[in-house]
Amino acid sequence: MRAKSILTLCDGPTCIYKNSRAIRDALETELKNQGLSDEVGIHISGCLGMCSKGPILIVNPGYTIYGGVTVQDIPEIVQEHLVRRRPVARLAVQEDHLYNRFFRIFGDVDFFGRQMRIALRNCGIIDPEKIDDYLSVRGYEALAKVLTAMSPREVIDEVKKSGLRGRGGAGFPTGLKWEFTARETGNEKYVICNADEGDPGAFMDRSAIEGDPHTVLEGIIIGGYAIGAAKGIVYIRAEYPLAIQRLEKAIAAARENGLLGKRILGSDFSFDMEIRLGAGAFVCGEETALIHSIEGRRGMPTPRPPYPSVKGLFGKPTLINNVETWANIPVIMLDGGEWFSTVGTETSKGTKVFALAGKVHNTGLIEVPMGTTLREIIYDIGGGIPNGKKFKAVQTGGPSGGCLPEEYLDTQIDYESLAAAGSIMGSGGMIVIDEDSCMVNLAKFFLEFTQDESCGKCTPCRGGTKRMLEILTRITEGNGKEGDIEKLERLGQMIKKASLCGLGQSAPNPVLSTLKNFRHEYEEHIFQKKCRAGICSALVTYEITEKCIGCGACRRVCPVNAISGKRQERHAINQETCIKCGQCFTTCKFDAIVKA
Amino acid sequence: MVTPLDIIKKKRAEAVARIIGRGYLSTKRVYVGMATCEIAAGSKEVMEVFRQSIAKGGLKDVYLSQKGCAGRCNLEPTVEIVEEGKIPVKYGKVTPERARQIIERHLKNNEVIEEWLI
């Protein structure tokens, strides 16, 4: 039977401390006593961000929020609200926060209930192509508040107070960046939104723009006001046609409504925006290369300092932030920097969006408070590994990040913890790997990507990644030799130290982290010529077991006639001629062919 | 003096009025996911089924809207049906055929199709 009501109980640390687990027991008992267990569902959520009012209990439909709930209150809530359908006014709290708006619709699904949505608060809730929809959910109120009652200085202080850090990957404190740009003199400054999302498997920025483009615009306009810029640019890759189309629509609608252009909302502040398309070079996500690309030059990084905050686009002070960073700004302005700083860990505040992919049941886009563990993400939200396979590693940070094995599953998501574990936060790619993947091959995949995308300006990155890739290829083809591992490590360290930009400096990370955590797989490849996952085809041998009934299907499918045998007798593979194409393996209906 | 905050509040009130004018207060609201990923999974065709059904008059008192991606990649295309006073219903892997059934069984006859729920 489908539940008529859903009770959501916060299971964040503060609420647990305030006795929420005893409340859960009391609720279950009370519902049973009243005979309501069937029609009322109890749902446990992650931190709901209302810690000061905890323990929090939300009743849906109706989205009634009860705060400061005690075990003694439970019979009253059940009797009054669930039986007599009259909410208990005494315990209800009024909340008009921006974050977690998705909760009314999705709060009862495990996948969503464990999340906290700040940057993605409207994604999947409103029509992204209608400014009316955005206005109706307090859209542009943060901008209006800033223009009505806050000085640029106060805006920057609010961002600093929030503890927000750059969501593009490096994690530089956003407030500081704003302050550095604001204190530069000169009347021409720029604001840039970096939407050049390039990590393989990452789609956070695309989804954010496609789901709620106005949030990003509002953040950028507020940034322009804070640093005294009159012009904003969204740099987005041409591969995102729908995101571009929705952004264009949003910019046009904002202009029509006096939210962009001269004297915004009747104030003295004027600001306008345009879109620049990137051609899809990975390196253009690096801020200096991105700026050169906008200037019409070849997208290549230049050394910093000078930082863009001092000398950026066209030599002018420039504030550049990532899409997700911008999307957080309106919430910080309306719900307050102080509230924002209560979410997350000591050093990393707020939430982080991840594109959860790979060998996990629920692949998708998630936003969780900082401090959530990898285990919670993979098993509670992601639903674990499909097909009963064993977890092997989780890759964060895309081609700049690393692979963490099982013993790191309880690592908390924050910039420092992930770095200490040997990976990085990155922009939000998260790939779950099971036992069927070969770590050497995976490292090779990422290195192929960075090698291909290396802009070629500095030698360590251009030549170094090439040499590393050659060694990796050799290893996966069964020609690895003693000393290869050490050579990879030496090259990797050298590239990290000597490369010009962040991409080169992080390019060896996938190799170095797998060398650290999965060294035995490299050793097996090199010394035993064995690939335990059976991925590196050159290292795989196929053999026919006694299960063979001699049907001859494999013999007929083999392109090099390496299989021989009489009808109804066990066949055999000639390893000399076998090219390891694997066709016999997939053809055999009797599981008689094994990979070794 | 009229402040930016006054202006935006007025704009919001107007926006809400326009949304209501589009039929937001209908008994049932239907949201179809329409981000690149959902469209790739076939949500445009699904949207078309709902649109046609409303245009032809077979479906009355329903507010239809697109939305961005909520994040359930492996279950796309997704369709939500929101009714005041009830727990919102979320369907996953909706095909045009399923959309037709959702219209007939859920929207017209109030039958929640349990096996397609997220």
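Residues numbered from 1 in each chain as written. Chains lettered and ligands numbered in written order. Predicted model: local features only at pLDDT ≥ 70, side-chain atom pairs only at ≥ 80, totals over all residues. Heavy atoms only, no water.

S.K.: In this structure, what is going on with the sheet that holds strand E5 (residues 190-195) of chain A? I would like to understand it.
M.R.: Pairing between sheet strands relies on hydrogen bonds along the backbone, with the strands arranged either parallel or antiparallel. Residue and element names in this part refer to chain A. Here we have 4 strands laid out as an open sheet, ordered E7-E6-E5-E8, and parallel in their pairing. What marks the edges here is a single partner per strand, and that holds for strand E7 (272-278) and strand E8 (318-322). Along the sheet, successive strands turn relative to each other by an average axial angle of 20 degrees, direction set aside. Where E5 and strand E6 (residues 231-237) come together, 6 bridges link them in parallel fashion. Counterpart to Asn 194 in the pairing with E6 is Tyr 235. (Pairing = 2+ DSSP bridges. Helix = DSSP H or I, 4+ residues; strand = E, 2+ residues; numbered from the N terminus. Axes fitted to C-alpha atoms, helices over the stretch in contact; angles between N-to-C directions.)

S.K.: Looking at this model, I keep getting lost on the interface of chain A and chain B. Mind explaining?
M.R.: Reports of interface size often rely on the accessible area that becomes lost once the parts have come together. Residue-level contacts link 52 residues of chain A with 41 residues of chain B. In total, about 3600 Å² of surface goes out of reach between chain A and chain B, with carbon and sulfur atoms giving 60% of it. Remark: the boundary between chain A and chain B carries 3 salt bridges. For Glu141(A), the salt bridge identified is with Arg12(B), shortest N-O distance 2.3 Å. Summed over the shared surface of chain A and chain B, the number is 16 residue pairs in polar contact (both at pLDDT 80 or more). Listed by contribution, the elements that provide at least two residues to the side of chain A that touches chain B are strand E1 (5-10), helix H4 (103-106), helix H5 (110-113), helix H6 (131-136), helix H7 (141-149), helix H10 (204-211), helix H12 (241-256) and strand E10 (364-369) of chain A. The element best represented in the side of chain A that touches chain B is H7(A), accounting for 5 residues. For the side of chain A that touches chain B, the per-class residue count stands at 21 nonpolar, 15 polar and 16 charged. (Contact = heavy atoms within 4.5 Å. Buried area = accessible area lost by both parts, 1.4 Å probe. Salt bridge = Lys/Arg side-chain N within 4 Å of Asp/Glu carboxyl O. Polar contact = N/O pair within 3.5 Å; in protein donor to acceptor, adjacent residues only side chain to side chain. Nonpolar A, V, L, I, M, F, W, Y, C, P; charged D, E, K, R; others polar.)

S.K.: Please explain the pairing of E1(A) as it appears in this structure.
M.R.: Across a regular strand the side chains alternate sides, sitting on one face of the sheet and then on the other. Residues and elements named next belong to chain A. Of all 6 residues in E1, 6 are buried, a share of seventy percent or more. Side chains of E1 alternate between two faces, with Ser 5, Leu 7 and Leu 9 and Ile 6, Thr 8 and Cys 10 buried alike. In the sheet, E1 pairs with strand E2 (residues 40-45) via 6 bridges, with the strands oriented parallel. Bridge assignment links Ile 6 to a residue of E2, and that residue is Gly 41. Pairing analysis gives 4 bridges linking E1 to strand E3 (residues 57-60), with the strands arranged antiparallel. From the neighbouring strand, Thr 8 faces E3, where its bridge partner is Ile 58. (Buried < 20%, exposed > 50% of the residue type's maximum accessible area, 1.4 Å probe, protein only.)

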